[in-house]
Every structure is written in C-alpha cells, then in structure tokens.
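Spelled out, the chains give:
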Amino acid sequence: MIFIKILSILVMLFYALGSAGVFWGIPAERYKILVLGKFFTWTGFALHTLLIISIILLNGADDLSRGYFMQLLAWCILLAYFIGWRLLKSGFLSLTASPLALLLFILALKVDKVQIEMPGTLKELFIALHIGPMYTSLGLLTLAFGAALLFLHMDRKIKSKTRLTEFDRGLPALGTYDRINHLAVVFGFPLYTLGIAAGFIWAPLTWGREGGILGSWDPKEIFSVFVWFLYASTFYLRILRGWRGRKAALLILFIFGISAFSLLGVNLFMPTHHSFGSLATFTA
Amino acid sequence: MNKHICLVGLNHRTAGVEIREAFALADAGLLENGLLPVGAHLKKDLPIKEALVLSTCNRVEILLAGREEKLEELAIRSWAAARNRQPEELAPFVYVHNDAEAVKHLFAVASSLDSMVLGEPQILGQIKDAYKDALRAGSTRFILNALLHRAFFVAKRVRSETGVASSAVSVSYAAVELAKRIFGDMPSCKAMLIGAGEMAELAATHLMNAGIKSILVANRTHERALELASRYHGLAVPFADLFAQLPEVDIVISSTGAPEAVIRAKDMAGVMRRRRNRPMFFIDIAVPRDVDPDVNTLDNIYLYDIDDLKEVVEENLTQRREEAVKALAIVEEETLNFCKWLESTELQPTIVDLIRRSEAIVREEWTRTSKRLRLSEKDTRALELMLGAIVKKINHDPINFLKNRFEEEKDGQYAGLLRLVFNLDKKELCPRRTREHGSEEAPPPLGPPDGGMIPPRRTPEPAAAFFNRIKEGSK
C-alpha cells in the first residue's frame, strides 16, 4: 500500500507542476515553461496509468472505492485531451486539462475511503452502459470546452483585428475548433443519453425506489436531467438548425459549466446517492 | 587567420539601381570565362584560390578565399573589367569585408537579414544557384564549400528558430494567411472575385497556390469576368446573380469601382441562413469600400478592408524587425563557430601526419617481429590492440599541446616545429650548416598541392629562426 501512496503523491505532484507550468507559461508567453508544464502533465499521466493498473492488481476489481472512479475520470479526461492535442496540435488545451485533472485527483484522494455500493445485478453491464458512456461524453465535453475557449479567443482576435501574438500564430485554424465542437455534440449527446438512461434503469434495481423515475428528487438526478435537456437543445440547434462558431462554443461552455457543477458541487455539498460523503453508487 | 576569406560587393543600400545594373554580373561569366583569376578554377597557384559570384537585382557580391591579403583589389579590377568599366567607377559603391566580417555578412545575407524586404525567402535560393554555378565552374574548394554549406545551415536555423520569415508582408499574402487561420482546410474552400484589379488578382493567385477548390468571378463587364475566370480555371457568373452565388462561396475578394457598398449586413442574414452559418471571409480591397463594415458584426463572418490588411502587414514587418535581433545573435554565434573551426583545420594535417607517421613505424616493426614469433591469433590481436593504444598515448600529449597552444599563438609555429622534430615531411635532416647561418634557406612549401578536402599546410617558420626567437623572448 505504501507503493500506491507514493505513486499517488507523485501523480499529484506532477499534475500540480503541470498546471503551474501551463498557468504561468501561457499568459506570460513563456513557451519553454509551457512545454515543461506539458511534459510534467504527461509524466503524471503515465504514472497515473500505472497507479490505476496497480490498484486493480493489488486490490482486485471488486473492492473499488469512490476515489478510484474519480481518479479514473481524471484519467479519462486527460486521455481525451491527449487525443485532442494530437489532433489539434494545440498546447492551449492543457490550460483546462491539467488543472482539471489535478482537481479531480485531489478530490479522489479525499474521498478515497468512501466505498461504493455497486448494483448487485449485472454489474459489468452497468459499468459498460452507465460509467463508460458518461466518462466518454464528459471527456468529449471537456475537450470541446477547451476548444470553445480557444475558438472564442481567436474569433475575438480575428474579428477585432488585434495583433496576433507568437502564441496565437501557433494555434490551429478556427475551423478545427468548430470540428471538435461538432464531434462533442454528435457523439457526446447520444453517449450521455445512453449513460443517463442506464442510470435511471439501474437506480431502482440498486436502491429499490418508489415513485418511478425521478421519484426520489435526488439533486444529482435533477442536475443530470437538466444537463441532458441542455445537451439535447444544443444537439438540435447545432445539427438541425446549423448553429456554428461563436454560439455553438458558448453553448458548450454553458453545458460544461453545469456538468462541472453537477459533478463537483452537487456531489460534495448536496445530499445525493452520488455523494462523496455517504455510501452510494458513484457515477459522474 | 592564415586562410583569408574576403567579400566584396554592393547592394541596394550602397548603390542605386543604375549602378547595380551597370555592374551586374549575372551573365558576365566572371568565373566561366576566367575573367577573375581563380586558382581552383584555372588549376594554378594564384592569390585567389576560390571564388563565388552572387548577382541578383538587389546585390552583387564576390566571395573569395585565398592565402594573401588584399584580394579585393584584384577582384574589383576584374569585376570592373568584366563590365568594361574602370575600377574607380566601381570602388565608391563597394563594401569589403574580410575574414570573420565576411563570414558574418554571408550568413546574414543567406538568412535574409540584409534583404530589402526583411526575411524574404528568395535570397537563399539565389545563393544556392550561385553556389551551383561556382561548383560547375570548379571555382570552390575546401573553404568556400564548407562556408556555403554552413551558410545554408545558418539560414535554416534562423528560419526555424526565429520569426524573421514567419508572417506575410504583402497585402495579398496577408489576406491568404488570414483565410488559412479561419478555415484551416483550404482545399474545401471556394472563392469569389467581385470586380477585378491588380491586387485582387494577386490575392486570387495566392489563394490558388494555397490550394483552394475553385474560383468564381463576377464583374460588371461580363467579358472581363470570362477572361479572368479562364485564367484561374474558374467560372464567370453574371453580376446580377451575385447574391444567389454567395451562399456557395467561403472567401470573397471584392474590388469593384462602385461608389457605395455592394454588400450590406441585411443582405447577409439570408445568405448565412442558406449556407447554414458556415464561416465566410470578406476581403474588401476597394476604395470606396464594397462591403459595409456592419457585415463584420455578424457571427461567422470576418471582414478585412484594405486598411486592416495594411495594418496586419505593418505589424508583421515590426515583428520581423524584432525577430531580426534574435537572428543576428544566431549569425554571430555561428560566425564565431565557423572561424574557430577554420582555424583548427590548420592543425589537422599535422595531427594526421603525426599519427600516421607513428603508426607506420609501429606497423613496420610489428611486421618484422611478428614474422619470427609464432603467435596464436588471440595473442596477435591482443598485441595489435596494445600497439594501437601505445600510438595513441604517445601522440596524446603532443596533439594536446598543439591544440592548446594554437589558441594562444595564431601563427601555428608549433605545428611547424613539430613537423621538423618528428620529420613528418620525410626530408633529409637539415645539415648543421644551415642552422648556423640562420634562415638563409627557407624550406620549400610543405604539403600536397593546393586543393582537395585536406587544406594545404602552411609554410612553417624555419627552425633556426624559431629557436632564435624563443631565446630572445626568454632574455
């Protein structure tokens, strides 16, 4: 267990260094520091991968805590960023990736002891249909969030005809960010729908609930449904009404903001079966 | 520096266009026709060993390498003669750089730091062509070959490590760069020319080069539209159909002579709906403007007029000037490296000879001895390894001595001394007599005839004179 502890501290340290590098490097336009920040983040990511595998190997897959799933989410988001970074070749994405990973990782350590109650029936199917799609859509959403920030930044610069810095010149074209946004909507929304549907199917199976869907008025569920409606309208506006560019970017920012609050704020401060403080099933 | 590099030339700063025309050397055949006496080319021992001629519309430069100073006078004389002028007419416009300064100048020119438009890319190609010509004429050898390759390397380094050549410095190219920044994927973009004009056509050419899909042309006189369309393999559309075509195009270059705006924000709302908000880029080169500035307030439409583009160009030029400072530091660093390297090559032949000589002795003795001993293969190998190590260790200190002293004493007299002490030139040892009479008889020049990849050796100071000087020095 000491191995896990040391590894956890190392991962946290590297994510912290990575975030610091990114936060210092980008506004100050210090590219070497930015590169160093990215290096730390990806070193942390590699160690994190090792950590996730070792926990499974040491503890077994049946005895996973809430912290483990939280860690897994941090890892998934970084993975999405890694793919996005390869596709976009843009270091700006790590501006949101490293701090987010750090935040989730620290939370994960905090709630590490909270055991989760997994559904007794069809546990593997539950993971495949609820946790998997939820995490993937969240990964896509954060990727689109970074891309949306970048889009708004560059859109403003090109519209207002202000001088591009050396950093701006290294960024991809506006069209690239819009494609990421498209990706997050086209794939993210169906995945989110699948994940949330699976959640509502398994919830009564696990907790034996009366009153049907939303019968318990759990804040987490309310927020999830709210996000789903937002996501659905974005899907409609983007795919069917042809919203693009600035408005599409703003929509994604909004959805991401609400989901982040639902993930962190609700789980931490409100009584819910997804709570970090009680014994309940953990989902994103 | 014993090997001299010299550069004579004139450029847009030192000479007006009439002078540059009068003394252009592009077709003069300075090297090919032997107007400039170059040793490497004519296979003779001449003061100028190597030469290269660069002649562009903004500069004429002659790069020389040789073993004597004042190469420039000869070069200027030949240069003037090649254009049937007097050297006096040419001399006031010419700059002369020697050794390190010449190297630095060449590096700066190759990196486009000395160009009229800072950072323009053509000059490197022109130097490469000049070098090819020189190679064809056979007028470069060891020094200029190394120098030119280094210059290409420095130019590449400057290009990749600084932003000297990174951004557009012409209005039409700046427009294309912006288009790339908006769309990214140029091959899927369609462009439309509204009206025609020199700058609009230039921008269209740049867009074609960037690989856009197709170009539409709309003009009030349809014949002109047809003519332009055929030039860009595009399609001419009637001017009246302008708004029907707009939903299909991504980039609009407008330059009509219309007295008021042709495209207004209220016209664009419908267009954007029909193209499902795909982004559009308007380049308005016309004065008075063709596109109402209001259009820029719409989402997904970007509008740049001629003043905006000029401002972008001005900013880019400022940025290039800032980057030039960084580039100059690279040039200076590389100049220093090259000069150091060039100096160290003076020692190379002596070091090689020293090692070869001791190896020859060892090999001779070893063959003689090994014949008598019936050694096993393993023992033979071990002994051979040992002999190799001995050669290295014995030569280690003399070589180190040479290298260290070389830094402080640039005459290279120690190399000469070493050659004499180890008799590297396999001469009869100097009879005592010559020593007593001092340097009445200078030894003949050493080393192979000029040329080849190994640089020629310098003539060493006669040993007697050397010892005398040492004695005097110690008094």
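> Help me out: how do you make sense of the overall build of chain B in this one?
Broken down by element type, chain B carries 18 helices and 10 strands. Residues counted as buried form 48% of the 475 residues belonging to chain B. Looking at chain B alone, contacts between residues at least 24 apart form 70% of all its contacts between residues at least 6 apart.

> Help me understand helix α12 (residues 265–274) of chain B in this model?
Helical geometry note: an α-helix holds 3.6 residues per turn, so side chains three or four residues apart project in the same direction. Residue and element names in this part refer to chain B. The set of residues buried in α12 consists of Ala265, Met268, Val271 and Met272. Projected down its long axis, α12 carries its buried residues within an arc of 105 degrees, all on one side. Exposed side of α12, more than 90 degrees from the buried face: Lys266, Arg273 and Arg274 are the residues found there. Taken together, the buried residues of α12 touch α11 (242–245), β9 (280–284) and β10 (301–305).

> Help me understand the sheet that holds strand β2 (residues 48–55) of chain B in this model?
Hydrogen bonding along the main chain pairs the strands of a sheet, whether they run parallel or antiparallel. All names here are of chain B. Across the sheet, which stays open at both edges, the four strands sit in the order β2-β3-β1-β4 with antiparallel pairing between neighbours. Only two strands of the sheet have a single neighbouring strand rather than two, namely β2 and β4 (95–98). Mean inter-strand twist for the sheet, computed between neighbouring axes without regard to direction, equals 15 degrees. Relative to strand β3 (residues 59–66), strand β1 (residues 4–11) runs antiparallel, the two being bridged by eight bridges.

> Explain the packing of aromatic side chains here, please?
Residues and elements named next belong to chain A. Throughout the structure, instances matching the rule amount to 20 aromatic pairs over all chains. Aromatic side chains Phe189 and Phe235 sit 5.0 Å apart centroid to centroid with 35 degrees between the ring planes, which places their arrangement in the tilted category. With Phe189 in helix α7 (residues 174–207) and Phe235 in helix α8 (residues 219–240), this pair connects stretches of sequence that are 46 residues apart. With a centroid separation of 5.4 Å and an interplanar angle of 55 degrees, the aromatic rings of Phe223 and Phe261 are classed as tilted.

> What should I look at first to understand the sheet that holds strand β6 (residues 214–219) of chain B in this one?
All names here are of chain B. One open sheet holds the six strands; their spatial order is β7-β6-β5-β8-β9-β10, and the pairing between them is parallel. The open sheet has two edge strands with one neighbour each: β7 (235–238) and β10. Geometrically, the sheet is characterised by an average inter-axis angle of 20 degrees between neighbouring strands, direction not taken into account. In terms of strand pairing, strand β5 (residues 190–194) meets strand β8 (residues 251–254) through four bridges, oriented parallel. Opposite Met192, over in β8, you have Val252 as the bridge partner. Across the sheet, helix α8 (residues 171–183) touches β8, β9 and β10, and the angle it forms with β9 is around 170 degrees. Where helix α10 (residues 222–231) meets the sheet, its contacts fall on β5, β6 and β7, and the angle it forms with β7 comes to roughly 160 degrees.

> How should the confidence of the model for chain A be read in this particular structure?
The predicted coordinates of low-pLDDT regions are not to be read in fine detail. All names here are of chain A. Looking at chain A as a whole, the pLDDT averages 79, with 79% of positions reaching at least 70. Within chain A, the lowest mean pLDDT, 75, falls on helix α6 (residues 166–169), and the highest, 89, falls on α8. Contacts of residues 277–284 to residues separated by more than four positions or lying in other chains number 37 contacts, the stretch itself having pLDDT below 50.

> Looking at this structure, I do not really get the packing of helix α7 (residues 142–161) of chain B against helix α13 (residues 306–345) of chain B. What am I missing?
Geometry of a packed helix pair, given as the angle between the helix axes and the separation of the axes. Residues and elements named next belong to chain B. Relative to each other, α7 and α13 sit at 155 degrees, their axes nearing to 10 Å. Of the possible angle classes, the one that applies to α7 and α13 is roughly antiparallel. As α7 runs across α13, the sense of the crossing is right-handed. Only Ala327, Ile330, Val331, Glu333, Glu334, Phe338, Trp341, Leu342 and Thr345 of α13 make contact with α7, whose side of the interface consists of Phe142, Ile143, Ala146, Leu147, Arg150, Phe153, Val154, Arg157, Val158 and Glu161. When the residues that make up the contact of α7 with α13 are grouped by side-chain class, the tally is 13 nonpolar, one polar and five charged.

> Would you explain the pattern of salt bridges in this entry?
Side chains that differ in charge, positive against negative, can pair when their charged atoms come close. Residues and elements named next belong to chain B. Scanning the model with the defined rule gives 31 salt bridges over all chains in all. Among the salt bridges present, the one from Arg13 reaches Asp114, with a minimum N-O distance of 2.8 Å. In this pair, Arg13 is assigned in the loop between β1 and α1 (17–22) and Asp114 in the loop between α5 (99–110) and α6 (122–137), connecting sequence segments 101 residues apart. The residue Glu201 makes a salt bridge to Arg224 at a minimum N-O spacing of 2.8 Å. With a gap of 23 residues between them, Glu201 in helix α9 (residues 198–209) and Arg224 in helix α10 connect regions that are remote in the sequence. The class of Arg224 is partly exposed, set by a relative accessible area of 26%. Through salt bridges with shared partners, a single ionic network connects Arg150, Arg157, Glu161, Glu333 and Glu334.

About the criteria used
- Just so you know, the residues in each chain are numbered from 1, in the order the chain's sequence is written.
- Here the convention is simple: chains get letters from A, ligands get numbers from 1, in the order in which they are written.
- Given that this is a predicted model, residues contribute local features only at a pLDDT of at least 70 and side-chain atom pairs are listed and counted only at 80 or more, while totals for whole chains, interfaces and linings are drawn from all residues.
- For side-chain calculations, the full set of non-hydrogen atoms in the structure is used, while hydrogens and water are omitted.
- Note on conventions: DSSP H or I runs of at least 4 residues are helices, E runs of at least 2 residues are strands, and numbering of each starts at the N terminus.
- Per-residue accessibility, obtained with a 1.4 Å probe over protein chains only, is compared with the maximum for each type, and a residue is labelled buried under 20%, exposed over 50%, and partly exposed between these values.
- In what follows, a contact means two residues having at least one pair of non-hydrogen atoms within 4.5 Å.
- The arc in question is traced by the directions running from the helix axis to the C-beta atoms.
- In this analysis, strands are considered paired if DSSP registers two or more bridges between them.
- Note on method: axes are straight lines fitted to C-alpha atoms, helices fitted across the in-contact stretch only, with angles between N-to-C directions ranging 0 to 180 degrees.
- Under the pairing criterion, centres of Phe, Tyr and Trp rings, with the six-membered ring standing for Trp, must be within 6.5 Å; the plane angle then separates stacked pairs below 30 degrees from edge-to-face pairs above 60, leaving the rest tilted.
- Confidence of the predictor at the level of single residues is captured by pLDDT, which takes values from 0 to 100.
- Roughly parallel means an angle under 35 degrees; roughly antiparallel, over 145; roughly perpendicular, 65 to 115; everything else is oblique.
- Handedness of each helix crossing follows the sense of rotation of the near helix against the far helix: counterclockwise by less than a right angle gives left-handed, clockwise gives right-handed.
- Polar here means any residue other than Ala, Val, Leu, Ile, Met, Phe, Trp, Tyr, Cys and Pro, which are nonpolar, and Asp, Glu, Lys and Arg, which are charged; Gly is therefore polar.
- Whenever a carboxyl oxygen of Asp or Glu lies within 4 Å of a side-chain nitrogen of Lys or Arg, that contact is scored as a salt bridge.

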